[in-house]
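Here are the chains, one letter per residue:
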Amino acid sequence: MRKFPIFLVIDVSESMAGDALIELENGMRQITADLMTDPYALETAWLSVIAFAGRARTLTPLTELPEFVPPHLPIGGGTGLGGALVHLMDEIDRNVSVNTAGQKGDWKPLVFLMTDGVPTDDAEPAVRRWKQSYADRVSLVAVSIGGGGDHAVLSQLTDDIIPFDDTAEGAFKKFIMWITNSVKSSTRSVTAGGGISLAKMGDDVSGGASGGLPFEAVDDRYAVFVGRCAKSRAPYVVKYERHLNQIGSQDPRLAELFQRRDYLLKAAVPVQEDYFELSDGSRSEASVSSVQLIGQPDCPHCHAPFGMALCGCGSIHCVQGDGPAICPWCGKTGNYGVSDGSDGGFEIERGRG
Ligand SMILES: [Zn+2]
Ligand SMILES: [Zn+2]
């Protein structure tokens, strides 16, 4: 039986932590259930899920639709797009059969590559390999989440770049519908010998009407920090979303003041140790001052009220309040005072997601 291989390659970097990954996880269940009712997809579709942050990993190997169980999506640090492509190409080599003298190979694979960030690795060699040996025999659709994908790199991989505005109302519901419908129509079209057939996403979600999304410097849309619980040592990710104070003023000095970039607390989510396996291990140069951070999360593990205590070693952990506490990263005891923000703040290193 010739299979129609579909790869979901999902960016699980820190900036995706919280709603986006939860929505995608639930969405995969919806997609599977929906495709099961489609006789064409049921007969030919095989699904695989690959997650990538600083490193890439196959979460579900290529599996025929009735056997497919949507995986849990982990979180990692970094956006290793080059590494993800290499991983994908190796998976295609291993699992997709090509035409041989006596036998027809599988149908042309379809890849949905979803990313919200600029690569933190050098993607050029992987892009070259893709263009040389895969571009002609694999259909790749790049979904730029929040308009945050690196369009310069993505446009070398495919003409199909879909900007997806994840902040629009009901965005993920429509997005999941779009994937489902695109898979259904592509199954029909590809098994009839044609190319892929993408469904319409709707201008409100794809940013199609305005011809682009309103993010001018998307890679600092989020400030993301990795902490550890002082009690359990378990890691967590704290995500702040950029908030531009754009209050119009004729006075340039006032306007500049109001342009200051603040970040509002968005989520603090527990992650597992596999966070570090999916991260590329390098630390980012970018730092944010604590005075730009608005809101302080509870520890998502032990619910200590302060989840953003900064040790002298530069790492973040939770504390109960004022007084001495042991840093779960370096093991040293520090004396913590809860800041009211009037001391000018401190610099915190940001994650790279
Ligand atoms: Zn804790
Ligand atoms: Zn420390």
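Above this note sits the structure.
Residues numbered from 1 in each chain as written. Chains lettered and ligands numbered in written order. Predicted model: local features only at pLDDT ≥ 70, side-chain atom pairs only at ≥ 80, totals over all residues. Heavy atoms only, no water.

The description of two aromatic rings rests on the distance between their centres and on the angle between their planes. According to the stated counting rule, one finds nine aromatic pairs in the structure shown. The interplanar angle of 80° and the centroid separation of 5.8 Å between the aromatic rings of Phe112 and Trp178 together place this pair among those described as edge-to-face. Taken as a pair, Phe112 in strand E4 (residues 110–115) and Trp178 in helix H6 (residues 171–191) lie far apart in primary sequence, 66 residues in all. With relative accessibility at 0%, the residue Phe112 sits in the buried group. On the accessibility criterion, Trp178 (2% relative accessible area) is buried. Arranged with centres 5.2 Å apart and planes meeting at 85°, the rings of Phe164 and Phe172 form a pair that is edge-to-face. Each member of the pair, Phe164 as well as Phe172, carries the same accessibility label: buried. Pairwise contacts between aromatic rings join Phe112, Phe164, Phe172, Phe175 and Trp178 into one cluster. For the cation-ring pair, Arg228 lies above Trp329, with the distance from its terminal atom to the ring centre recorded as 4.8 Å. Geometry around Tyr222 places Lys239 over its ring, the cationic atom sitting 4.4 Å from the centre. (Phe/Tyr/Trp six-rings, centres within 6.5 Å; stacked < 30°, edge-to-face > 60°. Helix = DSSP H or I, 4+ residues; strand = E, 2+ residues; numbered from the N terminus. Buried < 20%, exposed > 50% of the residue type's maximum accessible area, 1.4 Å probe, protein only. Lys NZ or Arg CZ within 6 Å of the ring centre and 35° of its normal.)

Surrounding the zinc ion (ligand 1) are the protein donor atoms Cys229 (SG), Cys299 (SG), Cys302 (SG) and Cys318 (SG), at 2.3 to 2.4 Å. With four donor atoms in place around the zinc ion (ligand 1) and angles of 105 to 115° between them, the coordination shape is tetrahedral. Donor residues binding the zinc ion (ligand 1) come from one chain and are separated in sequence as C-x69-C-x2-C-x15-C. Taken together, the residues span a long stretch of sequence, with Cys229 in the loop between strand E7 (222–228) and strand E8 (235–244) and Cys299 in the loop between strand E11 (293–294) and strand E12 (306–310) at a distance of 70 residues. You'll find Cys229 and Cys299 in the same group, each marked buried. (Donors = N, O, S within 2.8 Å, 3.2 Å for Na, K, Ca; no water. Tetrahedral: all angles 85-135°; square planar, octahedral: opposite > 155°, others 65-115°.)

Core analysis: the biggest nonpolar cluster contains 52 residues, and Ile10, Leu24, Phe112, Met114, Phe164, Phe175 and Trp178 have the highest contact counts within it. The element best represented in this core is H6, accounting for eight residues. A domain split of this core shows at least three residues from each of domain 1 (4–192) and domain 2 (222–349). Setting aside residues up to four positions removed in sequence, Phe175 forms contacts with Leu24, Met114, Val143, Phe164 and Met201. (Core = buried A, V, L, I, M, F, W, Y, C linked by side-chain atoms within 4.5 Å. Domains from an automatic or database assignment. Contact = heavy atoms within 4.5 Å.)

Moving on, we get to H6. For H6, spanning 21 residues, the distance from its first C-alpha to its last is 30 Å, which sits close to the expected 30 Å at 1.5 Å a residue. One or two positions beyond H6, positive phi appears at Gly193, with a value near 95°. (Expected span 1.5 Å × (residues − 1).)

Moving on: the sheet that holds strand E5 (residues 139–145). If you walk across this open sheet you meet the six strands as E3-E2-E1-E4-E5-E6, and the pairing is mixed. Where the open sheet ends on each side, the last strands, each with one partner, are strand E3 (56–64) and strand E6 (161–164). Here the strands of the sheet are splayed against their neighbours by 15° on average, with no regard to which way each runs. With six bridges connecting them, E4 and E5 associate as parallel partners. Bridge pairing in E5 links Leu113 to Ala142. Taken strand by strand, helix H3 (residues 81–95) contacts strand E1 (4–11), strand E2 (45–52), E3 and E4, and its axis lies near 30° from that of E3. (Pairing = 2+ DSSP bridges. Axes fitted to C-alpha atoms, helices over the stretch in contact; angles between N-to-C directions.)

The subject of this paragraph is the coordination of the zinc ion (ligand 2). Each protein donor to the zinc ion (ligand 2) is listed here as Cys311 (SG), Cys313 (SG), Cys327 (SG) and Cys330 (SG); together their distances run 2.2 to 2.3 Å. Note that the zinc ion (ligand 2) binds four donor atoms; their angles at the metal cover 104 to 118°, and the shape is tetrahedral. Cys311 sits in the buried class, given a relative accessible area of 10%. Using a relative accessible area of 32% as the deciding quantity, one classes Cys330 as partly exposed.

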